[in-house]
Each structure stands twice: as C-alpha cells, then as structure tokens.
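Tertiary structure, described
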Amino acid sequence: MLDKNYDPQTLEKNWYRFWEEQGYFVPSHTDGDTAYCIMIPPPNVTGSLHMGHAFQDTIMDALTRYHRMKGERTLWQAGSDHAGIATQMVVERLIDAEGKTRHDYGREKFVERIWDWKAESGGTITRQLRRMGSSLDWEHERFTMDEGLSEAVREVFVRLHEEGLIYRGKRLVNWDPVLHTAVSDLEVLSEEESGHMWDLRYPVVQPEGAEPFYMVVSTTRPETMLGDCAVAVNPEDERYKHLIGEFVELPLSGRRIPIIADEHADPEFGTGCVKITPAHDFNDNQVWQRHRDETAIADQPNGGLINIFTPDAAIRANEPEEGQLIPAAYIGLDRYAARKRIVADLESQGLLANIKDHRLQQPRGDRSGAVIEPYLTDQWYVRVQPLADPAIKAVENGDIRFVPDNWKNTYFEWMRNIQDWCISRQIWWGHRIPAWYDSEGNVYVGRSEDEVREKHGFGPEVELEQDPDVLDTWFSSALWPFSTLGWPEETERLKTFYPTSVLVTGFDIIFFWVARMIMMGLKFTGEVPFREVYIHGLVRDAHGDKMSKSKGNVLDPIDLIDGIELEPLVEKRVQGMMQPHLADKIARATRKDFPNGIPGFGTDAVRFTFAALASNGRDIKFDLGRTEGYRNFCNKLWNASRYVLMNTEDQDCGLGSEPIELSAADRWIRSRLDATTATVTESIDAYRFDLAAQAIYDFTWNEFCDWYLELSKPVLTGDSASDAAKRGTRQTLVRTLETLLRLAHPIMPFITEEIWQKVKPLAGVDGDTIMLAPYPTTDPAAADPQAVAEIDWVKQCILGIRRIKGEMNIAPGKPLPVLVTNASDQDRVWLETARPYLDFLARTESISVLSDESEAPESAIALVGGMKLLIPMAGLIDKDAELKRLDKEITRLTDDIARTEKKLQNPSFVDKAPEAVVQKERTKLADHAAAIANLQAQREKIAAL
RNA sequence: GGGUGCUUAGCUCAGUUGGGAGAGCAUCGCCCUUACAAGGCGAGGGUCGCAGGUUCAAGCCCUGCAGCACCCA
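Worth saying up front: this structure is predicted, and the values here are computed from it rather than measured. Per-chain numbering applies: the sequence of each chain, read as written, is numbered from 1 onward. By the order in which they are written, chains take letters starting at A while ligands take numbers starting at 1. The model is predicted, so local features are restricted to residues of pLDDT at least 70 and side-chain atom pairs to those at 80 or more, both for listing and for counting; the totals for chains, interfaces and linings are taken over all residues. Heavy atoms throughout the structure, all of them, feed into the side-chain values; hydrogens and water do not.

Topic: the overall build of chain A
Counting from the N terminus, the helices are the DSSP runs of H or I reaching at least four residues and the strands are the DSSP runs of E reaching at least two. Assigned secondary structure in chain A consists of 32 helices and 28 strands. Projected onto its principal axes, the C-alpha positions of chain A cover 125 × 70 × 60 Å. When burial is assessed residue by residue, chain A has 53% of its 945 residues classed as buried. Buried residues are those whose accessible area, probed at 1.4 Å on protein chains only, stays under 20% of the maximum for their type, while exposed residues exceed 50% and partly exposed ones sit between those limits.

Let's talk about helix α7 (residues 147-162)
A helix is expected to span 1.5 Å for every residue after the first. Over its 16 residues, α7 extends 22 Å from the first C-alpha to the last, a length consistent with the 22 Å expected when each residue adds 1.5 Å. Every buried residue belonging to α7 is among Leu 149, Ser 150, Ala 152, Val 153, Glu 155, Val 156, Phe 157, Val 158 and Leu 160, and all of these are buried. The first or second residue beyond α7 is Gly 164, which carries a positive phi of 75°.

Digging into the domain arrangement of chain A
Here the domain parsing of chain A yields domain 1 (181-373), domain 2 (619-764), domain 3 (788-877) and domain 4 (880-944). Its C-alpha centre places domain 2 at a distance of 29 Å from the equivalent point of domain 3. Every contact between the two is made by twelve residues of domain 2 and, on the other side, twelve residues of domain 3. Regarding the contact of domain 2 and domain 3, the summed buried area is about 1,100 Å², with carbon and sulfur atoms giving 79% of it. Whenever a carboxyl oxygen of Asp or Glu lies within 4 Å of a side-chain nitrogen of Lys or Arg, that contact is scored as a salt bridge. Where domain 2 packs against domain 3, one counts zero salt bridges. Here a polar contact is recorded for every N or O atom pair within 3.5 Å, except that within protein the pair must consist of a potential hydrogen donor and a potential acceptor, and residues adjacent in sequence are included only if both atoms are side-chain atoms. Viewed at the interface, domain 3 and domain 2 are joined by one residue pair in polar contact (both at pLDDT 80 or more). Note: domain ranges come from an automatic or database domain assignment. In this description, contact between two residues means that some pair of their heavy atoms is separated by no more than 4.5 Å. Here the quantity called buried area is the accessible surface, traced with a 1.4 Å probe, that two parts lose on coming together, added over both.

Focus: the sheet that holds strand β11 (residues 273-276)
Two strands form a pair only when DSSP identifies at least two bridges running between them. Read across the open sheet, the four strands follow the order β9-β10-β8-β11; overall the sheet is mixed. For this open sheet the edge positions go to β9 (247-249) and β11, each flanked by a neighbour on one side alone. On average, each strand axis in the sheet is tilted by 30° relative to the strand beside it, whichever way the strands run. Of the pairings in the sheet, the one linking strand β8 (residues 230-233) to strand β10 (residues 256-261) comprises three bridges and is parallel in character. Paired with Ala 232 across the two strands is Ile 260, which belongs to β10. Axis lines are fitted through C-alpha atoms, for helices just across the contact stretch, and the angle between N-to-C directions can take any value from 0 to 180 degrees.

Some points on the UniProt feature "domain: Valyl-tRNA synthetase tRNA-binding arm" (unreviewed entry) in chain A
UniProt positions are given in the numbering used here, feature names are shortened, and annotations may be inferred rather than shown by experiment. Those residues carrying the UniProt feature "domain: Valyl-tRNA synthetase tRNA-binding arm" (unreviewed entry) are residues 880-942 in this numbering. With 95% helix and 0% strand, the stretch residues 880-942 has end C-alpha atoms that lie 9 Å from each other.

Focus on the protein's contact with RNA strand B
Nearness here has a simple test: a residue counts as near a molecule or strand if at least one of its heavy atoms is within 4 Å of that partner. Near RNA strand B you find 42 residues, and of these Asn 406, Ser 615, Arg 618, Lys 912 and Pro 914 are the closest. Taking all atoms of RNA strand B within 4 Å of the protein, the share assigned to sugar and phosphate is 65%. Here a base nitrogen of RNA strand B sits 3.2 Å away from a polar atom, N or O, in the main chain of Asn 639. Take Lys 713: an N or O atom from its side chain is 3.3 Å from a base nitrogen of RNA strand B. At the level of secondary structure, the elements contributing two or more residues to the surface near RNA strand B comprise β24 (619-621), α22 (624-648), α24 (689-717), α27 (785-807), α30 (879-905), α31 (907-912) and α32 (915-943). By residue number, the principal contributor to the surface near RNA strand B is α22, which donates ten residues. Residue composition of the surface near RNA strand B, grouped by class: 14 nonpolar, eight polar and 20 charged. Ten residues, namely Ala, Val, Leu, Ile, Met, Phe, Trp, Tyr, Cys and Pro, are considered nonpolar, four, namely Asp, Glu, Lys and Arg, are considered charged, and the remaining ones, Gly among them, are considered polar.

A word on the sheet that holds strand β5 (residues 181-183)
The strand order across the open sheet built from four strands is β5-β4-β13-β15, with neighbouring strands paired in antiparallel fashion. Both edges of this open sheet fall to β5 and β15 (421-422), since each of them pairs with a single strand only. With two bridges connecting them, strand β13 (residues 373-382) and β15 associate as antiparallel partners. Across the sheet, the residue bridging to Tyr 381 is Cys 422, located in β15.

Some points on the packing of aromatic side chains
In summary, the pairing rule links any two rings of Phe, Tyr or Trp, Trp by its six-membered ring, whose centres are within 6.5 Å, and it sorts them by plane angle into stacked for under 30 degrees, edge-to-face for over 60 and tilted for everything else. On inspection of all chains with the given rule, the structure shows 35 aromatic pairs. Their ring planes at 80° and their centres at 5.2 Å tell us that Phe 482 and Trp 487 sit as a pair that is edge-to-face. Residue Phe 482 is classed as buried on the basis of its relative accessible area of 0%. The class for Trp 487 is buried, based on a relative accessible area of 6%. In this structure an aromatic cluster arises from ring pairing among Phe 608, Tyr 630, Phe 633, Tyr 697 and Trp 701. Across the ring face of Tyr 381, the terminal group of Arg 171 is positioned such that the distance to the ring centre comes to 4.8 Å. Only Lys NZ and Arg CZ are tested; either one counts as a charge over a ring when it is within 6 Å of the ring centre and within 35 degrees of the ring normal. The aromatic ring of Trp 421 is capped on one face by Arg 516, whose charged end is 4.0 Å from the ring centroid.

Some words on the packing of helix α11 (residues 385-396) against helix α17 (residues 510-525)
Between α11 and α17, whose axes approach to 9 Å, the crossing angle comes to 100°. As the angle between them shows, α11 and α17 are arranged roughly perpendicular. Here α11 contributes Leu 387, Ala 388, Pro 390, Ala 391 and Ala 394 to the contact with α17, which in turn contributes Ile 518, Met 519, Leu 522 and Lys 523. Classifying every residue of the contact of α11 with α17 gives eight nonpolar, no polar and one charged. Roughly parallel means an angle under 35 degrees; roughly antiparallel means over 145; roughly perpendicular covers 65 to 115; every other angle is labelled oblique.

Observations concerning unusual backbone geometry
At the junction of Val 403 and Pro 404, the peptide bond is cis and its omega measures out at -5° in the coordinates. Note that Pro 404 resides in the loop between β14 (401-403) and α12 (407-416). Here the phi dihedral of Ala 83 falls at roughly 45°; this positive angle occurs in a residue that is not glycine. Structurally, the position occupied by Ala 83 is in the loop between β2 (73-80) and α3 (84-97). One non-glycine residue, Ala 313, adopts positive backbone phi at about 65°. Along the chain, the position of Ala 313 falls in the loop between α9 (295-298) and α10 (335-348).

Here we look at the UniProt feature "coiled-coil region" (unreviewed entry) in chain A
Here the UniProt feature "coiled-coil region" (unreviewed entry) sits at residues 876-938. End-to-end, the C-alpha atoms of residues 876-938 are 17 Å apart, and along that stretch the chain is 90% helix and 0% strand.

Quick notes on the pairing of β13
Among the ten residues of β13, nine are classified as buried, and the element is accordingly described as predominantly covered. Bridge count for strand β4 (residues 166-176) against β13 is ten bridges, and the pairing is antiparallel. The residue of β13 that forms the bridge with Tyr 167 is Tyr 381.

Focus on the pattern of salt bridges
Tallied over the full model, the rule gives 49 salt bridges. Salt-bridge contacts for Asp 61 lead to Arg 607; the nearest nitrogen and oxygen are separated by 2.7 Å. In this pair, Asp 61 is assigned in helix α2 (residues 51-69) and Arg 607 in helix α21 (residues 603-613), connecting sequence segments 546 residues apart. You'll find Asp 61 and Arg 607 in the same group, each marked buried. Taken together, the salt bridges that share partners define one network made up of Glu 155, Arg 159, Arg 447 and Glu 451.

Some words on the environment of Lys 455
Mapped onto the elements of the fold, Lys 455 is located in helix α13 (residues 449-456). In this structure, the C-alpha to C-alpha distance between Lys 455 and Gly 270, residues 185 residues apart in sequence, is 58 Å.

See below:
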C-alpha cells in the first residue's frame, strides 16, 4: 500500500540510484532496431544548474524516456565542457587567496591545479542533473578536455589547416584588457550606459596665412584620436565635397591625415564628419580596408592601421622606427587617464568644440566586467564560408529541420552574413593550438611536435616552440555530436547513434553552437549532426525579467524541489553583491515575492511545470503558482492510486479465468484513455509538451478521478453488481492506472515508478522498472461511442441534479426523490442500467418515471436532451430562486438561439456552408427551441403558484 | 534603421486545414460525504490590442496602426 501522504522528498530519493545502479540509462538495455540519440548541450564544468538547464533537461529527459519506452536504442549522451575562461578564472580566484597568481605557478602547474579543482568540485551540475531525474548515460560521460575529445580537436584543426581553412591573421578582435585575451561575441554584453560625446576640431591644412578652418568630428572615445588615419565625409555631402582629398592636421600629434569620401559617414548624424581609427573600431576598420590602397592612407605609418594600446589598454610606447608617432606625454597612461588628459589638452588649445551627455552601448566582458576594446592582434581563424555553404543547404533541403520552423530564418540570416571565426584565446586552460614555431617565426601545424619534426625533417637541433594560445571552447563544442561518440575512430557507438536525432537548445546559441556543429559535422562526417533542432524558449521570472545573478531574481531549481526558507533565499540572492543598495533592493523584492520562502514541490511537480510551460513561445514566465498546482496534481494521482490499490489489492482483478463483465463506465474510461494516449503521443511527437501535459492532467483529474473512480464506487461497494462486473471494474481500475502511469512517466518519472511498482502485479504486468516498460499505444478497438454516449447522459443527469441542489442551497448529501417525464426508450433503458450511478453520485432517493406529465407536482427542472428531471419543490425549493434559475437558463438559450436563427435565415450560409455545419446548426436550433419551450412552460407553472 | 515574435478571463497561458472562447491559479458560495481540505460540489468573470478587408462565417487568413519583447546593425 502507498503511504497515506504524498511525500516527494522520500519517494524520489531512492529510485534514481536504483535506475543508475541497474544500468538502465545505458542504451544496451534497449535493443530495438532504430536508434534514438540526444546530445546534452554540455554544461559548463564550473556551473551549477539554473532554470534554463532544468527546463531543457526536462524536455530532453522526457524525449529520452519516451523513446526508450518505445523500445528504441536510446542514448542521452552525458558530459560537460571545459569553459576556458570561466574555469581559469575560478581557479585564479582560488590561488589569489593564497596570495599567488597563475604566473607564480607557471603554466604546467597551473593547469594541473585546474584538473585538481575539477576532480574535487567539478561535479556540482552532474549531481544536480541526477536530482532532476535525468536519464543520462553516465557510464560514457565525456569532458571536452578528455584525451579522446582532444584528439578530435587536434585532428580537425590539422585537417582544416591542411585545406587552407584555418589561417593565422592580424585582425581586430574583442579584447578583454583585464583577462588579456580575445573573447567571442557571445562573451561580450552591450548595455546602454551613460557617457559623453566629445566634439573635436581638426584644423584643415591651408595655405600660409589663410583663415583657420576646422572639421568637427564627434567621438565617445577621444583617446583613440591618437590612432586616427583619416577623416571621412559622405561623397554626396555638399558641405564637404570640395574638401575631399585635402588634409587635416591631427591635433596633439601633428600628423597630417586625409579627408576621404566614404558612405560610412552619415550626413544626418552629428556634423557629418567621422574620424577614422582603423585599429580601434570595427566600422572604421572596414572604411580603412576600402581605402587602404589610396596613397594618402598607404603613406601613413603602418599603412594607416595605427595601434595605440598595450594589452592592458594603456597608451603604448613608440617602436624605434616610429619616431614620435605617439606623443610622449600620453605614453603609459591608462585609457581613461589618457582620455582625461587628451580632452584637457585639446580644450586648452581651443580644439574642443563641445561635450554632451550621451547614452552609449558599452560592450563589457561578461566574465571580467571590463570595457572591451577592439584590438589588433595575431589570431587563428577559421575560413567559414566554404563550411557555411553546405550547412545552409542542409537546412534548405530539409536534412535538418528546425522546430518551430521559423527559426531557420534566423539561422539563414546569420549564416549568409557569416564572418571568419576567431578561434584562438590567450589563456592557459583549453586545447593548446597544435602549431609550432621555429626560431625564425615560421609556423608548422601538426598533430604533435613529433609529427611536425618528422614531416619537415627537423632534427633535435631545430628548436620548436608550441603556440601558447588555446582554442575557443566553442571549437571543441562544435565537434561534440561526433567526438563524444569516439570520432575520429569508427566506433560502434558512432555508427549507431550518429547522426543524432534531435538537438534541444535555446535560441540564444543558434549562431554560436548550432551553426558550428552543423558545419563541422558535415565537414568531418559527411552527415548532419542531428536531424531536428528543437528550439525552446527562455525561462524568465514571474515578472517576465530575464533571470540573472546581478538582478538577484534567479531561482535555483533545486530550491523548488527541496524548498527553501525566506532568510536563506535572501542570503543566497544578495551574496557577493558589489553594490549594497542593490542588495537591499533585491532583499526587499525577494521578501515581497516569497514572503514564506519556497515550499518543496518535488522533482516531478517541477518537471511537470516545465513541460506544461513548453509551448512554442519565446518567453517562459515561470509561475510558482503553476508548480504548486502540479504538486497538487501529483498528490491527486497519489491519492487516486491509493483508492485503486485499496479496492484491488488481495482481490480478484480479473487476471484469471473467471468471467468478467465491463460496464458502460469501464468501457467509457478505456475509450477515453485510448484517446488520451493518442493525444499525448501526437503531442510529444510534435514537441508540444504543454499539450501532452495538459492531456495527461485532464484525463487524470477530470475523467479518471472525477468520474470514473466515483462511478466505480457503486459497483465495488454496492451489492447490486455481479462478481463478474466487480472483476471487470477492478481490472479496468488497475489497467487504466497502470497505463496512465506509463503514459505520464516521461514527464514525471519518480511518482510513476513508485506507484507502478505497487500496481504492476495487480495489472498482471511484468518488468523491473516502468522505465523499460512499453509506452502505451492506441487500440482502434478501444473506441466505444455507445459507452461514451451513455456516460455523457449519466453525467448530464448528475450535473443537472447537482446544479439544482447547489443553486437551491440544498446540502449535496441530502437524498432527493426524482421524477422523470418525457423519457425516450433509450432514456428508460439507461435509467435502469445507470440507476446505481445516479443514486450514488446524485444522491437520488428514488426515481419514478411518469407517463403523464400532468401528474407531476411543482418541481425544479433539469433537462437532459428531451428528458425532464423533476425535483419536487415541496418544503425544499424556494419559488423565487427557481424562477431566477429558470430565467437565467432561458436567457442563455434564447441568446444562443437568436444567433443560430440569424445564421440559418441567411440564404448564403445555408447555400455555401458545408452540409454538416448547416445540419449541426439546425439540430441545435431544434434542441434549444424544445428546451426553451419546456423551461418556459415550467416557469409559467411555478409563477402561477 | 533591418529582422523575428508577442498582444485571448484579475494573473500565467492553450486555442493544430476558418464553423461551439478554453485550462490552471486567483475570486465568490456550500461541504471535513472513509482515495484526496495539496480536497469535493456549484457559481461569477472575456467588445480575443485597435481599424479596415477577404468570406455565408474570422481569435485564426490579408492590410494598416498602436504597444511590448528579443536579435542584428
């Protein structure tokens, strides 16, 4: 028997360990012909589970469990990525506490230290994934820095390099001056901040003695003027057309720079003149590329591409051959000190035209918070275009399908404007670039130093030094779908599971990850990495705000499962807040949103919530109220199961040879279960987990619990039913419950397993776990329109009587005599067969069929089709209340009938609408008209009292 | 500026070739009836953002407008 109370905390504790120990997550346990595989988007090894993960993992686990139950060879590949910068920073912070930097350790020792850290603390998220019930194949868990995956990385790098698809180049990158590395666009967050716009006056070079004349340029970063190589104006701009080809004198450094014509200069914006600083601005760099061959630009130092910063973003010193390119006064100043000084100097020379307050998009590194500088560095790049073309085609021709479909547009948009990919990073933790330099700086790429030496015939006397940089973490992530399966080896796993079935991910990384996996997969395996991409929404807080640590509105999924008191929750949210006023604000908001903390809802309720919220939308506002509702749902299922067990354990459930008899209710619920199975299956197949959850919820609560369990009571407890009928009902109870549990298992694994273990012997089912039990299938023979019609009729009778009781304030438990008039033959049959149901559920004291309506005393009335149910009013029913009730019903029907009549009077409707639609309206009109007549007559009768 | 999506009950959201406006939570009334008060029974609540158009018929299709969100520049 199940415990009296549903307690997710205790029941969820043991099942996961059981599943994992039994090896149920390993695909060998299912040996179907078809394979099904999902790659987990590898979580960051430093990370902990957030709501986005929990949501995504619920979906992947539901899909995995669903397909596993369908008997397919199912693999959900586990693993995590090494998160280069994030992980390095974590460990740097740790050794900072020892008073050391990574340089004190040295590269080798420092990397060892990171491995130690990983061994010790890197498992947080995998533990949390287990709490979520995720049926990942942990036995084959992979890590992007594993030897096997590292080999795949080297192999890919070397092959791409051999084909000329990887090259080294000096380009502008997003430079983090604190971390001293290039960072990807994804790691740069631009937010609007307050700043200033400075208008600088650049004197136009004029003949001796001419009146001074200035070009005014605007900038938010005045210090970059030291690196200007030109001033650009729009070629169509009448104000400046005549100056094109002239020069201005760059203030402070005294260089002469040309005035050039370029579309980039917007005549409408500011003065219409733009300073061009190609080494420190992405747009300016484009302008420079268009004009670099013009003499006036080419003659500039370094061809006009003038870097002014050190890696710290301080003003650099001059190289020996550069003379005074950078004025001595600013050398060594940090960018902001230099800015101040330069503005002051310009002002004192009368060259500062204006300073305005200005809102600007400030790019900051998401890890360091430092303002990112476009910076000129030597980096490794992947030439993407040749890889992108087949990747675009794969989606165009349907080899890969996006769900929802529109996301392919986002994908195309990005892929068609794709830029070469900067893959090198100036950090220590990651896959070291397999390139070696000789003493002259020549570069050799190979799988190892030995391979390089052998290939080029270098003896031991040749000194080779490996490139110090490592690869972008996304480089290894791009190989994830095949590297985890053993590539470049031709393993059995690779053959079985690649291409994988579906990728489940958020739209925020379509560019960075999805696109790159497609490119790399096609390039190195010749096949797509996955056949479908299911893009889900982003989980937001109840107010619709993105959850973020700095906003202090994050929810920890584990807290939803286990519960958390208010004070620890507040503490958790304000922890590590730099600004105290923000901490206060967060504490206040938290106390308001969660005055009593968060109760523990259990994993199944949390998972059910995620499933129910997984519609096609982009934003998912997480509403705790729904989690509470679904926790209640778990409780409902629990208690319904207790009822089933109480009435079936140690009883004959029709498994043997004794005859059984199925009632209308039995056949009805079997029919409804079958329809629900169809809906759930179709919904999961269409990635509509919200509809699947809804169907399960509806069936369980509104049909199984509210009606079928109640309808089973008179059969099981009364003495009117035969033994065969009792067996039939018991069998239906256990079979329906057992099937329902399997139906719901992919979404709520724990509670279904717990109950299933108790129910399976009663239902005559074998198996050690519901995980590997077959998923329910539909049965065409289960549809039973007659049973459905009868039970619908029963429900109408019961609802009608209940409504009278409810509205007349008669205690629901009070037995009442009921008179029936105008009963058809069918009604009379059902009145016999359904009598126990009516007595039990509507508490009817007696039911008498009157052949002559005039015999009926004054009564309250309920209509079931043409049949009238009458409850005599004497001493029970208030005349005015019944009149009011009748009026309400008459009004409702009259309004409805007016619309229907209008429709039917319209000749074009009758003419053009499909016959079935017209017929439906006619039937409705007739039914309503009859009902109104009945009610009207009743009303007059009562009003006359 | 370009693109994508959203606007349905107080709140969060479904609504699948156009033909009955729905769920959960919240609200109101009655009930501790031995599966379940984390519950039962009953009730109220919507000009489906606005304005046009197509159609016999529009929450759904088309056009315009407004507001919101995100992405790209």
